[in-house]
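These are the residues of each chain, in order.
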Amino acid sequence: MQYRIITVCVGIISLFCSITSQVQEMERGIDISLLFGANIGFTTPVPVPKQLDITRYNPKFNPKFGVNLAYFFNERWGIGTGLTLDWKGMNVHTGVTDVHLSVDVPNLGTLTGYVTGKNTTQVTTLYLVQPVYGAFRITNKWQVKAGIYMGETLHRKFKGDVSDVMILVENPIQQERHIEYATLNYTKDVRKFDQGGLAGAEFRMNEHVGFFADFTWGFILYFSGEVPIHFTMRNIYFHWVLPTGSGKLDLFTFPNIPQISFWK
């Protein structure tokens, strides 16, 4: 998996260099920037069921970096795309009541049934993401956008544990058992791609300093196929990003194209 990440990083840098080397052929304004930021949010059922009582939430540090390209047809309207590496994840502690789970009990094996007790879940997923969006410039400083994103899963982990729980086991006969500790691992059931919608805004303080934030909502479910969790889970994340670049053309020499810059 590490080699895949290295390959993707090299690809992003190559894409950035390729874009800048061919941007001379474009006749209108282009914004090109390297992106560095973070994601914060949830991989969660929607809506959150009443069987879950969230007692503690840790958003973790989920970095995001890549390259963004926006092409404007005129002073107001444009389109954009890019390529980013997005880590999405969280640690969450919940009290669960009659939640259907499959857990691995030490010295006993796998039990499947309705669990009541304490639960801890760790989620880490790495995506290679390509957004496609439309953009509208409100002013020289403010810009809004909306569109879709598509992501391939490069790394996935969905693990956790339960403690001091009662589990109602249905097979072969219905029985209730007390479990001091058990683990759960649904990593193999995480879907290998993600797709959803995005909406966001960008603010530029000047030619060199800016900030933009996006809200993304997964259209497809986080798990594929049949999983012991009977909830429709999806990715819901907020992204904040610091685009970096230069408002001057002395970084790359493009004669007779005054409209092209990293920052307008």
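Because the structure is a prediction, the values reported are computed rather than measured.

S.K.: I would appreciate a short explanation of the overall build of the protein in the present structure.
M.R.: On a plain count of helices and strands, the protein comes out with one helix and 10 strands. For the protein, the succession of helices and strands along the chain, N to C, is α-β-β-β-β-β-β-β-β-β-β. Counting every position in the protein, which comprises 264 residues, the buried fraction comes to 45%. Counted over contacts in the protein with a minimum sequence separation of 6, partners at least 24 positions apart contribute 71%. Of the accessible surface of the protein, which amounts to about 13,800 Å², a share of 60% is contributed by carbon and sulfur atoms.

S.K.: Please explain the side chain of threonine 216 as it appears in this structure.
M.R.: Note on placement: threonine 216 falls in strand 9 (residues 210-218). We classify threonine 216 as buried; its relative accessible area is 3%. Discounting chain neighbours no more than four positions away, the residues touching threonine 216 are Lys88, Tyr149, Gly197, Leu198, Asn235, Ile236, Tyr237 and His239.

S.K.: Hey, could you run me through empty space enclosed by the protein in this one?
M.R.: Rolled over the atoms, a probe with the dimensions of a water molecule shows which regions are left empty. Counted by the stated rule, this structure contains four cavities of 30 Å³ or more. Of the pockets and cavities examined, the largest cavity occupies roughly 160 Å³. Along the wall of the largest cavity there are 18 residues; nearest its centre are Lys64, Pro131, Leu198, Asp214 and His239. Taken together, the elements giving at least two residues each to the lining of the largest cavity come down to strand 3 (62-72), strand 4 (77-105), strand 5 (109-137), strand 6 (142-169) and strand 9. Counting residues per element, the lining of the largest cavity draws most heavily on strand 4, which supplies four residues. Tallied by class, the residues present in the lining of the largest cavity amount to eight nonpolar, five polar and five charged.

Definitions and cut-offs
- Residues numbered from 1 in each chain as written.
- Predicted model: local features only at pLDDT ≥ 70, side-chain atom pairs only at ≥ 80, totals over all residues.
- Heavy atoms only, no water.
- Helix = DSSP H or I, 4+ residues; strand = E, 2+ residues; numbered from the N terminus.
- Buried < 20%, exposed > 50% of the residue type's maximum accessible area, 1.4 Å probe, protein only.
- Contact = heavy atoms within 4.5 Å.
- Areas by Shrake-Rupley, 256 points an atom, 1.4 Å probe, with all protein chains shown as cover.
- 1 Å grid on protein atoms, 1.4 Å probe; cavity = no way out; pocket = protein on both sides within 12 Å on 5 of 7 lines; lining within 4 Å.
- Points joined across faces, edges and corners; volume = space filled by probe spheres on them.
- Nonpolar A, V, L, I, M, F, W, Y, C, P; charged D, E, K, R; others polar.

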